[in-house]
Protein chains: 2
Amino acid sequence: MLSDAIKAELRAIVGEKNCLDRQEALVAYSYDATPMQQALPDAVVMPASTAEVQKVVQVAARHQIPIVTRGAGSNLCGGTVPVGGGIVMSLHRMNQIVEIDEQNLTITVQPGVRTVDIHQAVEAKGLFYPPDPGSMVISTIGGNIALNSGGLRGLKYGTTKDYVLGLEAVLPNGEVIRTGGKLMKDVAGYDLTKLWVGSEGTLAIITEAILKLIPKPTTQRVMLAMYADMEQAARSVSDIIANRIIPGTLEFLDQGTIRVVEDFKQIGLPTDVAAILLIGQDGEAQIVDRDMERIAEICQKNQAVQIKVAKTDEEADEVMTARRSALAALSRMRPTTILEDATVPRAQIAPMVAAIQEITDRFGLNICTFGHAGDGNLHPTCMTDARDHEEIERVEQAFEEIFAAAIDLGGTITGEHGVGIVKAPYLEWKVGAAGMEVMKGIKRAFDPHNLLNPGKMFAKESRNRVVVNRA
Amino acid sequence: MLSDAIKAELRAIVGEKNCLDRQEALVAYSYDATPMQQALPDAVVMPASTAEVQKVVQVAARHQIPIVTRGAGSNLCGGTVPVGGGIVMSLHRMNQIVEIDEQNLTITVQPGVRTVDIHQAVEAKGLFYPPDPGSMVISTIGGNIALNSGGLRGLKYGTTKDYVLGLEAVLPNGEVIRTGGKLMKDVAGYDLTKLWVGSEGTLAIITEAILKLIPKPTTQRVMLAMYADMEQAARSVSDIIANRIIPGTLEFLDQGTIRVVEDFKQIGLPTDVAAILLIGQDGEAQIVDRDMERIAEICQKNQAVQIKVAKTDEEADEVMTARRSALAALSRMRPTTILEDATVPRAQIAPMVAAIQEITDRFGLNICTFGHAGDGNLHPTCMTDARDHEEIERVEQAFEEIFAAAIDLGGTITGEHGVGIVKAPYLEWKVGAAGMEVMKGIKRAFDPHNLLNPGKMFAKESRNRVVVNRA
């Protein structure tokens, strides 16, 4: 609990109406998009500037109050749930595009700008910001940076980290620091920029970012390839890459996902196939056309039962929207949807999908898998019910085995969602005891009093999810 | 000085002939490619495996002996000069390409592999490893990773950091740790991989790396554009980018550099022009041709006095070799050559070149400038004589002003050469006092006893170079 005196300090900084402590406000900021994770903050503050963020951090540092920074709260790892109480700091009011620099090909943004607004602003100028996380219509760039968000274009274009050139951040001691700049090359000291991208708000609070832009591809095309057999789809993925083609998008949906997406969107997906690949290419028209032909040949050689090339932009949009709606479609099935994020080297997709299927069957669960086949980033998604404790226990055991399978195949426990609360118990599986020690050392170096987003990334011990009944 | 007992321990690990302490060996490992920097180690060890590296580190940790890891020693920041004495560990025997994985598009290498050998090995398979530092025919990949080396292709393809997917490293406490993997997406914990790239051997010793490959561009073309005026050349650079063309190479040579390069290589460069742009594009033939035409138009519009497109691969090679020989050519002029690395946002190239010229004239020095115009990474290069203490003092003052000018223009003190010894006194200019504290905290977290490459990156206080007479 925060004392009235501390709340008065916070109100003096951000203004009366931007410091909330009514119960309904606290509840509204007690959860994010992650199922079964909830904790009440003691106050919610909504600063409008770096100076206000700095002052809030100074107050928090003085009184040793935890701060959990958040944007839209669309993350899927419990990354913004205030498990240690304290202050939730929402940066949604810092939502200005500061500058688009067409000479240096950069955009400077405040953390509360929505990802999709960046896309639209730069594309209007013929420029392109590739990272496109599934949540991009609601997610903010600050959250994307905190979690190093990926998306459908990761294979060809990389993820958020590849586009962050410089940051302004407030350190846990209240100092403001700037890293990088409008610079394509900068090796002055340790790379704080890349370290902070993906550090989940545990090291510093990002208050401004300079992002790299590239020229917008002039042409985009999309096709669907349907398969009676998962192995053939996986082999197509490998063969496309082995033929030295890097598609702009190379997505995968299994039969379960296809069925619910078709039920939701009705765009004519065949619900009797085992797998669909959604393959897109972008770039210059003649190259895109040539690549699409070669890709279609490769899919045919691998026994695709049907190949459907989107003929118009509208058709292409429809297909992409269908893929993007996979989570929403799956969420309609049962009360609780758990979207996971195991990632393997792309050559291991077929064994990974087989492992997920075997584990799903053995635990008697309903898990559908879709995701970014091109970069091995799969989203096994379990439709379940948080109120059924016996089932949830099986879900946890199944995901534990799925993470283990990913590690065994040379993969990782999270490709783009982050560690947060839900993957913390498994982080050591990937990075080892020595890796955990090193990471904890970094955390201590930045935040010795553990004030920034405590309880994330580093688990106390438990390897099981905490089940909170939200029914 | 190391005791005989410690040397016996080291010999037992790496074998008699791979542990040197004769005076001539110590001298051979007392310097790198950086002028005026020299210090004798106490011993040189040459391990052949990660296990041997680990054992050497354990010995060093037990006896609190500094370790300076090195590859070819081609760095230009004094990064491998053993200023604290102790052990120089050369990794040149760990020179195996472990695997080229054509399905996952990765190459796994030991640190002692030469950069050019990676290029040749992957290009033979139609694949491409873009980073091409000027020293690539002698530099090793371990050194490239330690310093986050750039090169001529940085503008379009990025630098070493953008291609490192995973690392094996030995920590200062002797533990071996693996990060990342053959994974395009991995957000499991803090990004140790990217933190170690560019950490100059101060945090961990890299013993293996997984690098990302991309398909090799099928076509490469090169042109030279000559200008009577530097401003016109700089405006051409800005206009090319503003026209949404990202060339594979976009290099700049000033008149002084042109003259010495022509004198050295005799390929017919006009020595009366103020500046030459060397502009290359790679990719698919039809796109490359179209881009080259558009680039030529832009250069013409900006009053290029002559444009010369290389007609054959041999002509293109000749032009690229001429550019790559700039440092060698300049080095012939006087006893000491100091190659610097100030970097600015690309839109600031013209003011930066003007500032360098003004400073050069004011201090009465001989400084030529060439570099990577496309990414604002300039190499002002001073031809001087280390024995002339009065002149060297002016050189130091001039470079100090050049770094200050770069910072004032939104740039940095080093784009691709690293901090090492020579930039350490200026690092705070770029990252600020708070940045220095944070970086020192990271160093302490990894290496509390300051055993890995001590005396680098963090200067005690001096802002002047230590002049060591090598004449």
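Residues numbered from 1 in each chain as written. Chains lettered and ligands numbered in written order. Predicted model: local features only at pLDDT ≥ 70, side-chain atom pairs only at ≥ 80, totals over all residues. Heavy atoms only, no water.

Participant: Which residues make up the overall build of chain A, and what are the values?
Facilitator: For chain A, the count of helices and strands is 15 helices and 18 strands. The C-alpha radius of gyration computed for chain A amounts to 22 Å, which stays within 12% of the reference 23 Å derived for 471 residues, consistent with globular compactness. On the principal axes, the C-alpha backbone points of chain A span a range of 70 × 60 × 40 Å. Counting across all 471 residues of chain A, residues that qualify as buried make up 64%. By sequence separation, contacts in chain A at least 24 residues apart represent 73% of the contacts at least 6 residues apart. (Helix = DSSP H or I, 4+ residues; strand = E, 2+ residues; numbered from the N terminus. Rg over C-alpha atoms; globule rule 2.2 N^0.38 Å. Buried < 20%, exposed > 50% of the residue type's maximum accessible area, 1.4 Å probe, protein only. Contact = heavy atoms within 4.5 Å.)

Participant: Which residues make up the sheet that holds strand β1 (residues 19-20) of chain B, and what values do they have?
Facilitator: Where strands meet in a sheet, backbone hydrogen bonds hold them as pairs that are either parallel or antiparallel. Residue and element names in this part refer to chain B. Spatially, the four strands line up as an open sheet ordered β1-β2-β4-β3, and their pairing is mixed. Only two strands of the sheet have a single partner each, and these edge strands are β1 and β3 (67-70). Pairing geometry for strand β2 (residues 43-45) and strand β4 (residues 87-90), over three bridges, is parallel. Paired with V45 across the strands is M89, a residue of β4. (Pairing = 2+ DSSP bridges.)

Participant: Break down helix α14 (residues 389-408) of chain A for me, with residues and values.
Facilitator: Structurally, the α-helix is built with 3.6 residues per turn, so residues lying three or four positions apart point the same way. Residue and element names in this part refer to chain A. Taking 1.5 Å per residue, 20 residues should reach 28 Å; α14 reaches 29 Å between its end C-alpha atoms and fits that length. Taken as a whole, α14 has its buried residues at E391, I392, V395, E396, A398, F399, E400, I402, F403, A405 and A406. Check the buried side of α14 and you find it contacts β16 (336-339), α13 (349-362), β17 (367-372), β18 (377-384) and α15 (427-446). Just beyond α14, the residue with positive phi is G410, at close to 85°. (Expected span 1.5 Å × (residues − 1).)

Participant: Describe the packing of helix α8 (residues 230-242) of chain B against helix α13 (residues 349-363) of chain B, listing the residues and the values that go with them.
Facilitator: All names here are of chain B. Packing of α8 against α13 brings their axes to within 9 Å, and their N-to-C directions diverge by 150°. In terms of their interaxial angle, α8 and α13 are classed as roughly antiparallel. As α8 runs across α13, the sense of the crossing is right-handed. Listed contacts from α13 to M230, E231, A234 and V237 of α8 are I349, A350 and V353. Residue composition of the contact of α8 with α13, grouped by class: six nonpolar, no polar and one charged. (Axes fitted to C-alpha atoms, helices over the stretch in contact; angles between N-to-C directions. Parallel < 35°, antiparallel > 145°, perpendicular 65-115°, else oblique. Left-handed = near helix turned anticlockwise from the far one by under 90°. Nonpolar A, V, L, I, M, F, W, Y, C, P; charged D, E, K, R; others polar.)

Participant: Could you give me a rundown of the packing of aromatic side chains, with the residues and numbers involved?
Facilitator: Each aromatic ring pair is specified by the distance between its two centres and by the angle formed by the two planes. One pass over the full model with this rule turns up 14 aromatic pairs over all chains. Ring centres 5.8 Å apart and planes at 70° place the aromatic pair A:Y190 and B:F458 in the edge-to-face group. Here the residue A:Y190 occupies a position in the loop between β9 (176-180) and α7 (192-196), and B:F458 occupies one in the segment after α15 (427-446), the pair thus bridging two chains. An identical accessibility class is assigned to A:Y190 and B:F458; each is buried. Residues B:F128 and B:Y157 carry aromatic rings whose centres are separated by 5.5 Å and whose planes lie at 80° to one another, so their mutual orientation is edge-to-face. In this pair, B:F128 is assigned in strand β7 (residues 127-128) and B:Y157 in helix α6 (residues 154-157), connecting sequence segments 29 residues apart. Just as B:F128 is buried, B:Y157 falls in that class too. Each member of the aromatic cluster is reached from another via a ring pair, and the members are A:F399, A:F403, A:Y426 and A:W429. Above the ring of B:F264, the side-chain terminus of B:K265 is found at 5.4 Å from the ring centroid. (Phe/Tyr/Trp six-rings, centres within 6.5 Å; stacked < 30°, edge-to-face > 60°. Lys NZ or Arg CZ within 6 Å of the ring centre and 35° of its normal.)

Participant: Any details on the relation of the copies chain B and chain A? Residues and values, ideally.
Facilitator: Note on the identical chains: chain B maps onto chain A by a rotation of 180° and an axial translation of 0.0 Å, with an RMSD of 0.0 Å. Both copies are brought into coincidence by an operation consistent with a two-fold rotation axis. An overlap of 100% is found between the interface residues of chain B and their copies at the interface of chain A, pointing to a shared contact surface. (Least-squares fit on C-alpha atoms with pLDDT ≥ 70 in both.)

Participant: Could you give an account of a negative patch on the surface, naming the residues involved and the relevant values?
Facilitator: Together, A:D313, A:E314, A:E315, A:D317 and A:E318 make up a negatively charged patch on the protein surface. Here A:D317 lies in helix α11 (residues 313-324). (Patch = residues over 30% accessible without salt bridge, like charges linked within 9 Å, V, L, I, M, F, W, Y side chains within 5 Å. Areas by Shrake-Rupley, 256 points an atom, 1.4 Å probe, with all protein chains shown as cover. Salt bridge = Lys/Arg side-chain N within 4 Å of Asp/Glu carboxyl O. Lys, Arg positive; Asp, Glu negative; His and termini not counted. Charge placed at Lys NZ, Arg CZ, Asp CG, Glu CD.)

Participant: Mind laying out the environment of A:R178, listing which residues take part and the relevant values?
Facilitator: Residue and element names in this part refer to chain A. Here R178 is to be found in strand β9. Ignoring sequence-local partners within four residues, the contact set of R178 consists of L167, E168 and E208. In terms of polar contacts, R178 uses its side chain to reach the side chain of E168, at 3.2 Å. Among the polar contacts made by the side chain of R178, one reaches the side chain of E208 at a distance of 3.2 Å. (Polar contact = N/O pair within 3.5 Å; in protein donor to acceptor, adjacent residues only side chain to side chain.)

Participant: Requested: an account of the domain arrangement of chain A, with residues and values cited.
Facilitator: Residues and elements named next belong to chain A. If you check the domain split of chain A, you get domain 1 (97-215), domain 2 (219-321) and domain 3 (333-417). Between the C-alpha centres of domain 1 and domain 3 the distance comes to 29 Å. Listed as interface residues are eight residues of domain 1 and, on the opposing side, six residues of domain 3. Buried area between domain 1 and domain 3, both sides added, is near 480 Å², and the carbon and sulfur share of it is 51%. Linking domain 1 to domain 3 there are zero salt bridges. Considering only residue class, the side of domain 1 that touches domain 3 consists of three nonpolar, five polar and no charged. (Domains from an automatic or database assignment. Buried area = accessible area lost by both parts, 1.4 Å probe.)

Participant: Describe in detail the sheet that holds strand β12 (residues 219-227) of chain A, supporting the description with residues and values.
Facilitator: Residues and elements named next belong to chain A. In space, the seven strands of this open sheet follow the order β15-β12-β14-β13-β17-β18-β16, with antiparallel pairing throughout. A single partner strand is all that each edge strand has here, and the edge strands are β15 (306-309) and β16. The average undirected angle you get between the axes of adjacent strands in this sheet is 15°. Two elements, β12 and β15, share four bridges in a ladder whose sense is antiparallel. Looking across to β15, one finds that M226 is bridged to Q306.

Participant: Tell me about a nonpolar patch on the surface, and name the residues and values.
Facilitator: Where nonpolar side chains cluster on the molecular surface, the patch consists of A:V27, A:Y31 and A:L40 and spans about 220 Å² of accessible area. Tracing the chain through its elements places A:V27 in helix α2 (residues 23-28).

Participant: Outline the interface of chain B and chain A, supporting the account with residue identities and numerical values.
Facilitator: Counting residues at the interface gives 80 residues for chain B, matched by 80 residues for chain A. The contact between chain B and chain A buries some 6200 Å² in all, and 62% of this surface belongs to carbon and sulfur atoms. Looking only at chain B, the three residues that lose the most surface to chain A are B:K185, B:Y190 and B:R244, adding up to 17% of its buried area. The interface formed by chain B and chain A contains 11 salt bridges. Close ionic contact of B:D375 with A:K185 constitutes a salt bridge, the shortest N to O distance being 3.3 Å. Counting the contacts that link chain B with chain A gives 34 residue pairs in polar contact (both at pLDDT 80 or more). At 12 residues, α15(B) tops the list of elements feeding residues into the side of chain B that touches chain A. Class assignment of the residues belonging to the side of chain B that touches chain A gives a composition of 33 nonpolar, 28 polar and 19 charged.

Participant: Hey, could you go over the side chain of A:K456 for me, with residue numbers and the actual values?
Facilitator: Residues and elements named next belong to chain A. Assignment of secondary structure puts K456 in the segment after α15. Buried charge without a partner: K456 forms no salt bridge, and the closest opposite charge is D32, 6.4 Å away. A distance of 2.6 Å separates a polar atom in the side chain of K456 from the backbone oxygen of V81.

Participant: Account for the side chain of B:S238, naming residues and giving values.
Facilitator: Within the secondary structure layout, B:S238 lies in helix α8. For B:S238, the contacting residues outside a window of four places in its chain are A:Q103 and B:A347.

Participant: Got a sec to walk through the UniProt feature "domain: FAD-binding PCMH-type" (unreviewed entry) in chain A? Specific residues and values, please.
Facilitator: Taking the numbering used here, the UniProt-annotated feature "domain: FAD-binding PCMH-type" (unreviewed entry) corresponds to residues 37-216 of chain A. Across residues 37-216 of chain A, the secondary structure splits into 22% helix and 24% strand, with the terminal C-alpha atoms separated by 39 Å. (UniProt positions renumbered as here; feature names shortened; annotations may be inferred.)

Participant: Could you give me a rundown of the environment of B:V109, with the residues and numbers involved?
Facilitator: Residue and element names in this part refer to chain B. Residue placement: V109 occurs in strand β6 (residues 106-109). Given the relative accessible area of 0%, V109 is considered buried. Setting aside its immediate chain neighbours within four residues, V109 contacts Q96, I97, V98, I118, I141, E208, A209 and L211.

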